Amino acid sequence: MGRAKKDRRQKREDYRAALREDDVTELPRKKFYRQRAHANPFSDHRLIYPPHPDQMDWSSLYPDYVVDEPQQDQQTPAPETPSDRELTPARPKRISKDVEVADIGCGFGGLLVALAPLMPETLILGLEIRVSVTQFVEDRIKALRRQNEAAGLYRNVGVLRANTMKFLPNFFRKGQLAKVFICFPDPHFKARKHKQRIVSTTLNSEYAYVLRPGGIVYTITDVPDLHEWMVQHFEAHPSFERVPEDEQEADPCVPIMRTETEEGKKVERHKGQKHVALFRRLEDPAW
Amino acid sequence: MAVPCHLLKVCGNIVFAAQGSDIHSFSSELEHISTWRYPVKQGAESTTPAAEVQESPAPEEPPAKRRKVGGGQEPTSNGGAAAPTDGQVKSRKAAQYDNPANERPFVQGLYATADGRHVVAITGSDKTIWVFEHDGAGKLKELSQRAMPKRPCSLAFTADNRTILSANKFGDVHALPLLPSPTTTTTSATTSSSPNPTTGLPLSRSATPSTPTATAFKPQANELTVHTKRNLKALENQKRSLSRKAFEDQQQQQQQQAPPPFEHALLLGHVSMLTAICVGTATVAVPAVAAQASEPGTSIGNGTGNGAEAASAPARTTVRREYIITADRDEHIRVSRGMPQAHVIEGFCLGHEEFVSQLCMAPGGREELLISGGGDDDLFIWDWVNGRLLGRSGVLEHVKRVAGEDVDKVAVTRVFGCGWQGTTAVFVVVERVPALFHYELLDDSRLQHRETIPLRGNPLDVDIIESPSGGQRLLVAMDPSASVSIEEGSSSLVVLDKQETGWKQTNVENLPACEDANISADELQKILYSTESLRKLTDFD
Ligand SMILES: C[S@@+](CC[C@H](N)C(=O)[O-])C[C@H]1O[C@@H](n2cnc3c(N)ncnc32)[C@H](O)[C@@H]1O
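Residues numbered from 1 in each chain as written. Chains lettered and ligands numbered in written order. Predicted model: local features only at pLDDT ≥ 70, side-chain atom pairs only at ≥ 80, totals over all residues. Heavy atoms only, no water.

Annotation of chain B in UniProt includes, under Subcellular location (unreviewed entry), the sentence "Nucleus". Taken from UniProt, the Pathway (unreviewed entry) comment for chain B reads in full: "tRNA modification; N(7)-methylguanine-tRNA biosynthesis." (UniProt positions renumbered as here; feature names shortened; annotations may be inferred.)

The name an unreviewed UniProt entry assigns to chain A is tRNA (guanine-N(7)-)-methyltransferase, from the organism Thermothielavioides terrestris. UniProt annotates chain A under Sequence similarities (unreviewed entry) with the comment "Belongs to the class I-like SAM-binding methyltransferase superfamily. TrmB family." According to the UniProt record, the Subunit (unreviewed entry) comment for chain A reads "Forms a complex with TRM82."

Okay, structure coming up:
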């Protein structure tokens, strides 16, 4: 590794460490968090995820929502065999509500930060596969919480590093989510890369699984072909229907998606088009 | 290189055993009946559609995985599993070494329909599903061969035995009619296909609409439609690669636009390598109204009985539902509805912390239970309809007693459930461990280890047969080269009889001569022992 590169990395780390000091309220700067544009969603990475949503510890993401409860574990008799013990893994600290809004591929977190005050009673989670981008959002949320200590803002928003194409069901139970945002997803132009697209017929079944009936998938992109792709794939999926345009335009999340995402801002500067489409999760058919 | 028998399927009183690219049949006395041999292709003139389409998915597979071993199961690269990567150039080159015309791919899966009338096999590098008619006496008649665009890794049949569900390494599950309609061209498929008995829909109509074809999208954007730097860069890269490999890309796209020329429908998919698929049925009590609305489920009567009880309680009835259960390398077991609603995920059985490689519906009328195994130390027992873990049963602890205390992980390669001498038994094979592990499924859903049966080699597959005298015998396919005690004339097919003093192991001596496969010992090992390679490396990123 070259010297220059090492220095740069050191600088980054120093910067980020300093920012994490408790009293710092300065917002993080993107240039210390840049990362290669693409992470292969098919490889293993070194991801951390719970085996089951019940084992997810949300308390560090939403510390203000942690429920104080007496340790109930002592009352139940100790399991007899080691296997039985593993059946009831240590329950993580509970929080008083479930995450209900997920931003898939949240990037630098513009949408999260704009949604947080709009729905202060709702827990919002950003999911991002790139490590340092996730770190940026984490630091950003921390700084915002400190800056807005008195108003108690941004306590309802968190971010996780995750590969959403594989592990959504590890984080969310069936029907847990009310809204899923997919904003400016990577286009993967090449036909052979289409399986890497974050919207596909088969993946849409997983979005349907984590969404409750009536829940909404929000999509936006500047790439017309990708827009068309997403519309076709969601419309073709029996669990979704497109939300009519008047309803779409009346949804307060839509303008936020257009103007507050980092990508949305870039497209704005380039005077590009933004294509929005919303899809409603339908009830499962009788069987 | 001599290859052992590596797959077994007992079908009534006939034993089928795959050895390399051959499928032998034996009587219940283990007398050889006949052998089906994979047809050797004549030069470039291919008799199978496989040769034309087999490489279409190549560019999406990681190069490491494409280093093929004479048609065997590909060595799974850690991390790259089922992973389209950027290695197109290399993989295309590697593809030239795949499955040369004279090479016969290994049988990688051997199945029989519940009625025993059909045997179905998967062969490896040509990604082909073969359907045979079984005359009930050990003779196979080849009915069809269908080269799948992606390599199938596990098959299951719908409960009516009429549809094959094929799970592939790219994470997708396709439905194919067991018996393709006589004129299987894409155009005639829609018109001539017989309606699917479960759905009433022609099978070619996808339950989950399949991905619209690439043509509909013209994925290329131009500078005017791409506004962010990130996307511009992606477009740049695309252009560059286009000019460099325009020809290949074009070819690739053509291949993508040409679906295989037989009826098949995409049912569901994981973004992960699938390792196992099975079909489960459950009898569920539902309100009578719902049951009426329910078409696909078969109403099998009034669950609340008759008389006063039925009158007072809200009318309930039971329906029999079919589910598709799929397992992947990323620790998931997914429970989806059966056709035609396979797009609906009913739930997951989550708890594994390593890959899942085996699914086994509990036998003996215990179909509400599912047993799964893989890279974890234990087997898991599930109430799969409700996605609830009921129990775990150790494997590693018993392996240690055979293979030594320093063994710290296991890869379960077979979980075989059956009725066994009045009990419900589960026999387990662990990769490279020369023993068979016998568990009993108890009435309270616990899975209890009963016995470890030491073997003279590494077992590769297991099944049971009724002996002529009426008792049950265990049949084990094994790799005698890995023999723990080298014995004269050790066979790769062994019968085990339980006796007062222990297990009597009898070699099946009269194995038909098998052409030595053109394969190195190393490559053979990779085919026979591919499960551990599913494990993720912890230091990989
Ligand atoms: C073009 S950016 C859009 C970021 C943000 N939504 C916005 O609109 O500003 C797409 C983001 O999705 C992330 N991403 C891609 N695949 C992902 C996956 N499988 N899981 C989680 N994030 C993913 C990328 O790392 C990238 O940050």
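(A) Structural detail: the UniProt feature "active site" (unreviewed entry) in chain A. Residues and elements named next belong to chain A. Feature annotation in UniProt places "active site" (unreviewed entry) on D186, given in this structure's numbering. Its location among the elements puts D186 in the loop between strand 4 (177-183) and helix 6 (201-210). D186 sits in the partly exposed class, given a relative accessible area of 23%. (Helix = DSSP H or I, 4+ residues; strand = E, 2+ residues; numbered from the N terminus. Buried < 20%, exposed > 50% of the residue type's maximum accessible area, 1.4 Å probe, protein only.)

(B) Seen up close, helix 4 (residues 131-147) of chain A. Helix length check: helix 4 of chain A, at 17 residues, gives a terminal C-alpha distance of 24 Å against a target of 24 Å (1.5 Å per residue), a fit within 8%. Most of helix 4 of chain A is tucked away: 13 of the 17 residues are buried. (Expected span 1.5 Å × (residues − 1).)

(C) A look at helix 10 (residues 262-269) of chain A. Listed in full, the buried residues belonging to helix 10 of chain A are A:E262, A:E263, A:G264 and A:V267. Of the residues trailing helix 10 of chain A, A:K271 is marked for its positive phi of about 55°.

(D) Layout of the pattern of salt bridges. Residues and elements named next belong to chain B. Enumeration according to the criterion identifies 32 salt bridges over all chains in this entry. The salt bridge partner of E354 is R535, with a shortest N-O separation of 3.8 Å. With E354 in the loop between strand 17 (345-348) and strand 18 (356-361) and R535 in the segment after helix 10 (521-528), the pair connects residues that are 181 residues apart, well separated along the chain. The class of R535 is buried, set by a relative accessible area of 10%. (Salt bridge = Lys/Arg side-chain N within 4 Å of Asp/Glu carboxyl O.)

(E) Just the sheet that holds strand 5 (residues 211-221) of chain A, in detail. Residues and elements named next belong to chain A. Pairing is mixed in the open sheet, where seven strands are placed in the order 3-2-1-4-5-7-6. Here the strands that pair on one side only, and so sit at the sheet edges, are strand 3 (157-161) and strand 6 (240-242). The average undirected angle you get between the axes of adjacent strands in this sheet is 20°. Along the sheet, helix 3 (residues 110-118) contacts strand 1 (99-104), strand 2 (123-128), strand 3 and strand 4; its crossing angle with strand 2, the most-contacted strand, is approximately 180°. (Pairing = 2+ DSSP bridges. Axes fitted to C-alpha atoms, helices over the stretch in contact; angles between N-to-C directions. Contact = heavy atoms within 4.5 Å.)

(F) Summary view of the UniProt feature "binding site: S-adenosyl-L-methionine" (unreviewed entry) in chain A. Residue and element names in this part refer to chain A. In the numbering used here, UniProt assigns the "binding site: S-adenosyl-L-methionine" (unreviewed entry) feature to G105, E128, I129, N163, T164, C183, T261, E262 and E263. Considering the arrangement of structural elements, one finds N163 in the loop between strand 3 and helix 5 (164-171). Judged by its relative accessible area of 2%, N163 is buried. The contacts of N163, once residues within four sequence positions are left out, are P41, L47 and I129. Here M165 takes part through its backbone nitrogen, which lies 3.0 Å from a polar atom of the side chain of N163. In this structure, T164 sits in helix 5. Not counting residues within four places of it along the chain, the set of residues in contact with T164 comprises I104, L127 and I198. (Polar contact = N/O pair within 3.5 Å; in protein donor to acceptor, adjacent residues only side chain to side chain.)

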